[in-house]
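Residues per chain, in single letters:
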Amino acid sequence: MTVRVKVASSAKELEDVFWVRHEVYATEEGYFQGAKDDKQMIVDEFDALPMVANIIAYCNDEPVATLRINLDSGQGLPPEEYYDFSAYRQRIAREWFSEHGTQARFGSAGMLAIRKPWRHRRDVIRAMFKMGAGIGHAWEGTHIIASINAKTAEMYKRIGFEALGEQQWVVEIGEYILPMASTFRAFYYWAFGDLLENNSTFLNLFSSRFQRLLLGPDDIIFRENEQATEAYVIDSGLVRIFRTGSGGNVLTLGTLGRGELFGELSLIDTKPRSASAASISNSELIVLDREDFISELQKNPARTHEILQIFAERLRRADELAVVLANGSPVIKMEYALNDLRRSAITDGKRPSTSIARISPLEVARNAGIDEADVREFLNRLMQQGVIEYNEHQIRFMDMSDAPSASDELAEHHS
Ligand code: CMP
């Protein structure tokens, strides 16, 4: 099930935002005394201000969740309808000015509504908040306030929000509301902190772009020969690039992981997709539309150089794959597949000398086009040699700095 998270921009998308709010607050929760209006929408004056972004999540074409981010443009912010933030505002404005010599810029997060069947989907909530953090950052907001449904306090605390007072019963909503605040800096750090510390450039560059795709195992992202309007950067998970032969046999061209870009070829040469792409595990992608992508390349020649490097690496890998296919032995295929996985594996924060690819032996077998029994035999052998550890969910690559590489081990075994 693919979920697309984006900032609502068309009239239809905005109507969907207002409808989801109504569906959740009035129909499901009975707030606002059921908001009995004919239009089945909840919309207020803060939706019409210049600095507002309504984030919406679609599951296939169905709107399932929404969140609103506002930046103050002089008319106050939505949370101030329910709580007096003036003492907080004055204190922060004073402290910020004396420290930075500039004005604090307040924003807000609110109108969080997630329809019941999706309420357990933490990844959807997280993706909406990540997008909110990116927007606040792009707007140069400094502090963020929220009057939240007290039931969701724990979630806001995890993101770095602090309560400013006691929860209060709000008659017109019919719920306890808790005033909370944080800085956009903390919010951004929660969303993208690890990226600030490492240098996966495409991910850094596009992390706060305003569209994300959340995919489950085996979700198709696009198929070969389709027309293209988007490229993608992988924020988390693994993606398989493959082609299907005339006899229906599937050939994996590459396995891509965090920080890697794909789907860019068709945007550059304006031809149909050269291959299909599907997620292997749960994955989160950042979506780049053609304009975004091309304008970034034009603005910054260093990006063009990076793209050339990606092409060069893929060409080398394609050459290797040609040799693997010509040879055809399962050992060589396995070697190729494992090297690909090691390349896309992510460093384990708890054991930084090791890296992890979240993939099962069965998925490795499918990816590489070899028997699962053969895969397990190889993996067991490598595990005995201390090259990897694996279970039904992941392969852990050990520190190979002074040990033979997985591929050497495999080659040795083969000879
Ligand atoms: P595009 O042609 O738009 O869609 C398919 C994408 O798969 C393509 O862009 C590349 O991003 C990616 N791709 C194509 N061939 C390979 C390969 N050999 N290795 C890794 N990725 C590839």
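Since the model is a prediction, treat every value here as computed from it, not as a measurement.

> Would you take a moment to explain helix α10 (residues 330-344) for this structure?
Since the α-helix advances by 3.6 residues per turn, residues separated by three or four positions end up pointing in the same direction. For α10, built from 15 residues, the straight-helix expectation of 21 Å at 1.5 Å per residue is met to within 8% by its first-to-last C-alpha distance of 21 Å. Most of α10 sits inside the fold, with 11 of its 15 residues counted as buried. Buried within α10 are the following residues: Val-331, Ile-332, Met-334, Glu-335, Tyr-336, Ala-337, Leu-338, Asn-339, Asp-340, Leu-341 and Ser-344.

> What should I look at first to understand the packing of α10 against helix α12 (residues 372-384) in this one?
Following both chains from N to C, one finds α10 and α12 inclined at 65 degrees, their axes separated by 11 Å at the closest point. By the angle between their directions, the pair α10 and α12 is classed as roughly perpendicular. Classified by chirality, the crossing of α12 by α10 is right-handed. Counted together, Pro-330, Val-331, Met-334 and Leu-338 of α10 and Asp-374, Val-375, Phe-378, Leu-379 and Leu-382 of α12 form the full contact between these two elements. Counted by class, the contact of α10 with α12 contains 8 nonpolar, no polar and 1 charged residues.

> Looking at this structure, I do not really get the nonpolar core. What am I missing?
One broad trend across soluble globular proteins is that nonpolar side chains are buried collectively. Core analysis: the largest hydrophobic core is formed by 56 residues, its most contacted members being Val-5, Ile-55, Phe-129, Tyr-156 and Leu-261. For this core, the leading source of residues is helix α3 (residues 122-138), giving 8 residues. Two domains each provide a minimum of three residues to this core, namely domain 1 (3-192) and domain 2 (196-201 + 207-325).

> What should I look at first to understand the sheet that holds strand β12 (residues 239-244) in this one?
Consider a sheet: its strands pair through backbone hydrogen bonds, and that pairing is either parallel or antiparallel. A sheet is described by the order of its strands in space; here 4 strands give the open sequence β10-β15-β12-β13, paired in antiparallel fashion. Both outer strands of the open sheet, β10 (220-222) and β13 (250-256), are each paired with one neighbouring strand and no more. Across the sheet, the mean angle from the axis of one strand to that of its neighbour is 30 degrees, orientation sign disregarded. Here 4 bridges tie β12 to strand β15 (residues 276-279), and the two strands are oriented antiparallel to one another. Residue pairing across strands places Ile-241 opposite Ala-277, the latter belonging to β15.

Definitions and limits used
- Residues numbered from 1 in each chain as written.
- Predicted model: local features only at pLDDT ≥ 70, side-chain atom pairs only at ≥ 80, totals over all residues.
- Heavy atoms only, no water.
- Helix = DSSP H or I, 4+ residues; strand = E, 2+ residues; numbered from the N terminus.
- Expected span 1.5 Å × (residues − 1).
- Buried < 20%, exposed > 50% of the residue type's maximum accessible area, 1.4 Å probe, protein only.
- Axes fitted to C-alpha atoms, helices over the stretch in contact; angles between N-to-C directions.
- Parallel < 35°, antiparallel > 145°, perpendicular 65-115°, else oblique.
- Left-handed = near helix turned anticlockwise from the far one by under 90°.
- Contact = heavy atoms within 4.5 Å.
- Nonpolar A, V, L, I, M, F, W, Y, C, P; charged D, E, K, R; others polar.
- Core = buried A, V, L, I, M, F, W, Y, C linked by side-chain atoms within 4.5 Å.
- Domains from an automatic or database assignment.
- Pairing = 2+ DSSP bridges.

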